[in-house]
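# Remarks on the overall topology
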Amino acid sequence: MIDCRSIAKGKGKGELIVSSEPISFLGGVNPENGEIIDPNHELKGQIIKDKVLFIPGGKGSTVGSYVIFQMMKNDTAPNAIICIDAEPIIATGAIMSDIPMVDSPANTKELTSGTVVEVDGDNGTIEVL
């Protein structure tokens, strides 16, 4: 069990998709299908729908919160979000969209792409399954 800070309530599980780069949801993610479309991002072409997204944080416009909300409405959002350091854009998007979110994980060695985890935003934990 990895202890974290709770950002958005709820539980979500799935396969991790991990990036060492922050992401901008506005212009960086297609809300129609959940694909990373930023041509300069290391995850370009990958789909975050039904995954657990682990990123350092977000970047870009405050409209990114609404892109996350649109993804939830389109059923293309990630099942949960983990950040090293959550900032207001992604935190607001997760809260508005009922996407479980935590940040400040203490030990991230086990958190690699393809690993299946459960994020518990109620208790601020990540469990590797």
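Residues numbered from 1 in each chain as written. Predicted model: local features only at pLDDT ≥ 70, side-chain atom pairs only at ≥ 80, totals over all residues. Heavy atoms only, no water.

## What to know about helix 2 (residues 88-97)
Short version of the rule: Exposed residues in this analysis have more than 50% of their type's maximum accessible area, buried residues have under 20%, and partly exposed residues fall in between, with area computed by a 1.4 Å probe over protein chains only. Only runs of H or I of at least four residues qualify as helices and only runs of E of at least two qualify as strands under DSSP, and these elements are numbered from the N terminus. Should any heavy atoms of two residues lie within 4.5 Å, those residues are considered in contact. Polar contacts, as counted here, are pairs of nitrogen or oxygen atoms within 3.5 Å of one another; within protein the pair requires one atom able to donate a hydrogen and one able to accept it, and residues that are adjacent in sequence qualify only if both atoms are side-chain atoms.
Among the residues making up helix 2, those that are buried are Ile 89, Ile 90, Ala 91, Gly 93, Ala 94 and Ser 97. In the core, the buried residues of helix 2 are packed alongside strand 2 (5-8), strand 6 (52-55), helix 1 (64-74), strand 7 (80-83) and strand 8 (101-103). Where helix 2 starts, the residue carrying a side-chain oxygen 2.9 Å from the main-chain nitrogen of Ile 89 turns out to be Glu 87. Immediately downstream of helix 2, the backbone of Asp 98 shows phi near 55 degrees, a positive value.

## Side note on the pairing of strand 9 (residues 116-120)
Remember that side chains alternate between the two faces of the sheet whenever the strand is regular. Our working rule: Strand pairing requires that DSSP identify at least two bridges connecting the strands.
Relative to strand 9, strand 3 (residues 11-18) runs antiparallel, the two being bridged by five bridges. By the bridge assignment for strand 9, Gly 12 is matched with Val 119. Summarising the sheet, strand 9 and strand 10 (residues 125-128) pair through four bridges and their orientation is antiparallel. Within strand 10, the residue paired with Asp 120 across the bridge is Thr 125.

## A closer look at the pattern of salt bridges
Filter applied, for reference: Every case where a carboxyl oxygen of Asp or Glu lies within 4 Å of a side-chain nitrogen of Lys or Arg is listed as a salt bridge.
Here the structure, examined in full by the defined rule, presents five salt bridges. Measuring nitrogen to oxygen at the nearest pair gives 3.9 Å for the salt bridge that ties Asp 120 to Lys 11. In this pair, Asp 120 is assigned in strand 9 and Lys 11 in strand 3, connecting sequence segments 109 residues apart. Owing to a relative accessible area of 7%, Asp 120 belongs among the buried residues under this scheme. We note a salt bridge from Lys 51 to Glu 15, for which the minimum N-O separation is 3.8 Å.

These figures capture arrangement, not role.
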